[in-house]
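If you want the building blocks of each chain, they are given just below.
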Amino acid sequence: MNPTSPVSATSFDVTDESQHAGPHVGPMFPPTHPVANAPVGTPPPTVDGFVREFLHELTSNQGVSLERSTVNDQYLALAQTVRNYLSARWIETQKKQRTTRPKGVAYLSAEYLLGRQLGNNLLATGLIDIAEEAMKQCGLDIAVLRAQEVEPGLGNGGLGRLAACFVDSLATMNVPCIGYGLRYEYGIFRQTFVDGQQVEQPDTWLALGCPWEFAHPEHAIQIDFGGTIETYVDADGVERTRWVPEWNVLGIPYNYMVPGYLNGRVNTLRLWSAEATKAFDLAIFNSGDYAQAVRAQTFAENITKVLYPEDSTPQGKELRLQQQYFFVACSLRDYIERVLGPEFDLHELDSRIIFQLNDTHPVIAVPELMRILVDLKGFDWDEAWAVTKKCFAYTCHTLLPEALEVWPVDLLGRLLPRHLEIIYRINEEFLDEVREAFPGDEMRIRRMSIVAEHPARAVRMAYLATVAGCKVNGVAELHSQLLRDKVLPDFSQLWPEKFTNVTNGVTPRRFLRLANRGLSELISSAIGTGWVTDLERLRELEPYAEDAEFRSAFRDVKTRNKAKLNEVLIARDGIELGQDHMLDVMVKRLHEYKRQTLKLLHIVTLYNEIISGRLDPKTVTPRNFVFGAKAAPGYLMAKQIIHLINAVGSTVNADERVGGVLKIAFPPNYNVTLAEKLIPAADLSEQISLAGMEASGTGNMKFQMNGALTIGTDDGANVEIRRLVGDENFFLFGMSEPEVAELQAKGYDPGTYYESDRRLRGAIDLIGSGHFSGGDRGTFGSIVTNLVTVDRFMALADYASYMDAQERVEKAYADTEEWTRSAVLNVARSGYFSSDRSMRDYIQRIWGTPPAF
Ligand code: 26W
């Protein structure tokens, strides 16, 4: 035991979630009684009071009695009850804000991958125990009600989940923030497998009703598109430009509450939904062609119909540009006209707001603000530009060249003619500045132009964001460095002070406190509950790594989390994992740069060595390999890799020679809800992208926080994770980024690795032989050919080193006590990866927003 904070053995006795329901269990988290921060006059919530409110909601909102109610009725009534507690605090927050008028952050993001809301909102209000007991008194199991919620999957992956973590942290830190985005009617597709192949189903997340949104159709905003521009002379004799648009739609705001953790603050997330304007209705009445007019109405509503499921290769689709302009135009108008109001002097705009651009998706906001100031508010150009430059900051989330958005000039000109004209002028003046700094360097001018000439004229949105933004940041140290040196080198040379780094983080409320109740309680029993809002305090766990009793309790938590995961996978997909196996998890979008194939090569090698008699399965560490990944529907190679994972899975799982020591599971439809089950159960976290490709990664942080050890390359935030946990608590492998660059420069030939490594060749040949495809060599032929001849992301070059690292993993795992020691240290050193710290960095380095009401 650590002498400074003696903890009795029994206090490590971590019980199962369901056993914590009763009132007898002392609250580990004195969910500081919600009344502590409730608005004045709010009665203290009691179990009885909660039951009454719940039953009231059930009858008045759902119109059913408890006896006749469905699980959906019960879920909606419970959500409504919680929402009532929150909305009082929400109104209070807004009231205070209207009086103090602090500077705030407007986070502009096309994606928010929120995950389920009920659990999070219960946690934030301190109502978990009361609600649990209240439901019990009604004869209901709150876990069943929580499982009824369909998560709002309004994002693709890392970027959207990051936005959700950031708004959670800002609310918890008492920073005024409004999140703006799109309310897609269909979020990220639901993934199913048919014969091992991905089939996409629509995500009908709104079908059973969403109790968390507040629609405000009365605050609709009209957004224009198309048409032409004209010049005219205003009353003062000044020549001005005006946009004469051709068509328009309405933006309807839907508000969502973003509660801080037990602090009484509730910020707002405002998502926009597109509807047809009255003009369409009129057209329907006046038109001889009724059907055509109704089609026109549907056309308007298409804008927010569906989230584009591509998460790295922009398709340049017109509808996507419509989405982007639609949501930022709504958001700017909303902030300027509704939040600030007509009296506000827009010369001072930067004293009240900073618009943070979450990647390039909202960058069309830059010319939109210029248009508002110049065309609508009568600013002269220089004045408007001076304001605009102070109000935007840009975060880049990628390094893949194909992920950098460009919009063809003809498309932009057709949809937003005035904006294109404004972009041209921004570019002209910017290039003058470059000419002045680098006289006679025409190559540089061409390289830096916001408007690319080849292959077709197009606007480079990252350049526009860099020119307009007061700051540009990458999302991990290595990424920010590469952003400066490789993606935007000319810009960082011109404006070195513009560039900065903010390493990503994740919210410990959702990903530790809520997802891993067992570990949370163990931690709190040792160091108290302060870590939930001050994650660096996890450091105080370090001495407990040396404490055998603590380690044993820590292992018990893992074991229980694995058992829970088993239950979930059996119920959800009929998947049974091996008992007492190491849990090795790779969950993330399917992309070649992330190298799911490298993971497969490891598995297929082990399998091949076993069935060829070279490896005795009894000497292999029993392992469950769990994958979770969605492929963009149009990304064929990614879909084939999914097919291959499933094929390898069914073959290996069924092969008796393996004796069950290798088990492969690929539950479909990986999402936030499943992540919350998988991550707390994991022993090993796979973060194996080619160095220099993964901007940051955030799954890596969630695994570390939950006590998994990482096997990973020196890429993205892995670099910082390894530095913090120490080499001895991290399985590093593979080339470093400079080594990758060097190999690329000298010419990479995957064939040489294939030829010279027997095990590698064996694994690849086994796939090529049709062993996993009923003897058909064609099925996975293109994966094999691609690996052996192209291998853009150098899986073969890192294979040997990866296999080595996996052997180190096996050895380390065999020493249970040492492994647990490492796992505890991983948790203790994960404090830096709280999104609260990321937010502090944004505040200090970019926003200058003092946390205030
Ligand atoms: C279709 C165009 C497009 C292009 C890029 C859509 C989406 C993107 C995103 C920038 C991809 C993305 O989600 N990037 C991830 O952002 C995370 C949060 O910063 C990082 O942790 C991941 O490393 C990065 O891949």
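Residues numbered from 1 in each chain as written. Predicted model: local features only at pLDDT ≥ 70, side-chain atom pairs only at ≥ 80, totals over all residues. Heavy atoms only, no water.

- You'll find the chain entered in an unreviewed UniProt entry as Alpha-1,4 glucan phosphorylase, with Propioniciclava tarda given as the organism.
- In the Cofactor (unreviewed entry) part of its UniProt record, the chain is described as follows: "pyridoxal 5'-phosphate".
- We quote the UniProt Catalytic activity (unreviewed entry) comment for the chain here in full: "[(1->4)-alpha-D-glucosyl](n) + phosphate = [(1->4)-alpha-D-glucosyl](n-1) + alpha-D-glucose 1-phosphate". (UniProt positions renumbered as here; feature names shortened; annotations may be inferred.)

## Details of the side chain of Lys599
Moving on, step 1. With respect to the element layout, Lys599 can be found in helix α21 (residues 596-611).
Moving on, step 2. Classification of Lys599 as buried rests on a relative accessible area of 1%. (Helix = DSSP H or I, 4+ residues; strand = E, 2+ residues; numbered from the N terminus. Buried < 20%, exposed > 50% of the residue type's maximum accessible area, 1.4 Å probe, protein only.)

## Some remarks on the sheet that holds strand β15 (residues 406-408)
Moving on, step 1. Strand order across the open sheet formed by three strands is β15-β17-β16, with antiparallel pairing between neighbours. Looking at which strands have only one partner, the edges of the open sheet turn out to be β15 and β16 (451-452).
Moving on, step 2. Relative to strand β17 (residues 458-460), β16 runs antiparallel, the two being bridged by two bridges. Its bridge partner lying in β17, Val451 is registered against Val459.
Moving on, step 3. In the packing of helix α15 (residues 461-468) onto the sheet, the strands contacted are β15 and β17, and the crossing angle to β17 comes to about 50°. (Pairing = 2+ DSSP bridges. Contact = heavy atoms within 4.5 Å. Axes fitted to C-alpha atoms, helices over the stretch in contact; angles between N-to-C directions.)

## Brief notes about the site of the ligand
Moving on, step 1. Contacts to the ligand come from 21 residues, most closely from His397, Asn504, Glu694, Ser696 and Gly697.
Moving on, step 2. Here an oxygen atom of the ligand and a side-chain polar atom of His397 are 2.6 Å apart.
Moving on, step 3. The side chain of Asn504 places a nitrogen or oxygen atom 2.8 Å from an oxygen atom of the ligand.
Moving on, step 4. Relative to its unbound accessible surface of 570 Å², the ligand loses 95% to contact with the protein.
Moving on, step 5. Looking at which element gives the most residues to the shell around the ligand, the answer is helix α6 (residues 158-172), with three residues. (Near = heavy atom within 4 Å. Polar contact = N/O pair within 3.5 Å; in protein donor to acceptor, adjacent residues only side chain to side chain. Areas by Shrake-Rupley, 256 points an atom, 1.4 Å probe, with all protein chains shown as cover.)

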